[in-house]
Amino acid sequence: MTGTIAERVEALSRIEGPVAARFDCDGPVEGRWAVLPSAFNPPTLAHLRLLELALAVEGVEGGAALLTTRNVAKGIEGASLADRIGMLLAARASRPGLAVLAANQARIVDQAAALRATWPGASFDFVLGYDTLIRLFDERYYGNAMEVELDPFFERHRVIAANRGEVTASGVDAYVAEQASRYGGRIVTVALDEAHGRMASSDARARMAAGEGSGDLPAEVAAYIREHGLYEGG
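The structure displayed is predicted, hence computed values, not measured ones.

Conventions and cut-offs
Residues numbered from 1 in each chain as written. Predicted model: local features only at pLDDT ≥ 70, side-chain atom pairs only at ≥ 80, totals over all residues. Heavy atoms only, no water. 1 Å grid on protein atoms, 1.4 Å probe; cavity = no way out; pocket = protein on both sides within 12 Å on 5 of 7 lines; lining within 4 Å. Points joined across faces, edges and corners; volume = space filled by probe spheres on them. Helix = DSSP H or I, 4+ residues; strand = E, 2+ residues; numbered from the N terminus. Nonpolar A, V, L, I, M, F, W, Y, C, P; charged D, E, K, R; others polar. Contact = heavy atoms within 4.5 Å. Pairing = 2+ DSSP bridges. Axes fitted to C-alpha atoms, helices over the stretch in contact; angles between N-to-C directions. Buried < 20%, exposed > 50% of the residue type's maximum accessible area, 1.4 Å probe, protein only.

1. A few points about the layout of surface pockets
Stage number 1. In this model, the second largest pocket occupies a volume close to 170 Å³.
Stage number 2. Around the second largest pocket, the lining residues are Ile-134, Phe-137, Glu-139, Met-146, Glu-147, Leu-150, Tyr-175, Gln-179, Ala-180, Ser-181, Arg-182 and Tyr-183.
Stage number 3. Where the lining of the second largest pocket is concerned, the elements lending two or more residues are helix H6 (146-156) and helix H7 (169-179).
Stage number 4. A total of 3 residues in the lining of the second largest pocket trace back to one element, the largest contributor, which is H6.
Stage number 5. Its residues placed into classes, the lining of the second largest pocket shows 7 nonpolar, 2 polar and 3 charged.

As structure tokens, then:
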């Protein structure tokens, strides 16, 4: 897949079947990777901290941000998909080991299929904040019985789950024990500190739009936003 970032993202979005692409380099994806699926509108320090924590989980060999070009919970607003890739690439200036991927699927189980189809020699763990973890187990997003799709997903993938907002890491463990005990052995909990746990892209967008800047963003991302006039008046 060649062309500018915008052209590559557009081409990816048009493909019906599950597929993914890598934007930080042309190299393969090999080994076991922790991938953080998100809209990255914009990427925050919390996103990067989540991947740092995931890299410490046993067996994980690399970390990747996974932009989702479709979303089950929200439409595309704010920064364009190409600019979201641009912001992630900017963040690599101080984190060169970060891979930047994109997949054309909304649901986690379908993103997993896209990654497997594109890089069959690699394996992937999914890094999910608490709100995304809940959506993974929301029956509304499954046409069949949820277990029909989640059983094979968890056979192939682990989930690395983290607290967010008011929910603590112990709260995540309690949720898994009560709502997802069937897969508890494949879910690893990591703990975000309170400051990172409260960061949200929506808050960062609002502060940047107001010209206030945001300490929740990597410096390179904040510079990219200013240079490209993102979120102005929004």
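The discussion continues.
2. Some remarks on the environment of Val-167
Stage number 1. Within the element layout of this structure, Val-167 appears in the loop between strand E6 (159-162) and H7.
Stage number 2. Remark: the alpha-carbon pair of Val-167 and Gly-197, spanning 30 residues in sequence, is separated by 8.7 Å.
Stage number 3. For Val-167, the contacting residues outside a window of four places in its chain are Tyr-130 and Val-172.

3. Quick look at the sheet that holds strand E5 (residues 122-129)
What links the strands of a sheet is backbone hydrogen bonding, and the strands pair in either a parallel or an antiparallel sense.
Stage number 1. Read from one edge of the open sheet, 7 strands run E1-E4-E3-E2-E5-E6-E7, paired in mixed fashion. In the strand order of this sheet, the two ends are held by strand E1 (20-22) and strand E7 (187-190), each with one partner. On average, each strand axis in the sheet is inclined to that of its neighbour by 30°, with strand direction left out of account.
Stage number 2. Of the strand pairs in this sheet, strand E2 (residues 31-38) and strand E3 (residues 62-68) are connected by 6 bridges, and their pairing is parallel. Residue pairing in the sheet places Ala-34 in a bridge with Gly-63 of E3.
Stage number 3. Sheet strands touched by helix H2 (residues 45-55): E2, E3, E5, E6 and E7. Its angle to E2, the strand with the most contacts, is close to 155°.

4. Details of unusual backbone geometry
Stage number 1. The omega torsion of the bond from Asn-41 to Pro-42 falls at 5°, within 30 degrees of zero and hence cis.
Stage number 2. Its location among the elements puts Pro-42 in the loop between E2 and H2.
Stage number 3. Notably, Phe-40 is not glycine yet its phi reads approximately 50°, a positive angle.
Stage number 4. Looking at the element boundaries, Phe-40 is found in the loop between E2 and H2.
Stage number 5. On the basis of relative accessible area, Phe-40 is assigned to the buried category, the value being 2%.
Stage number 6. Despite not being glycine, Tyr-231 has its phi angle at roughly 65°, a positive value.

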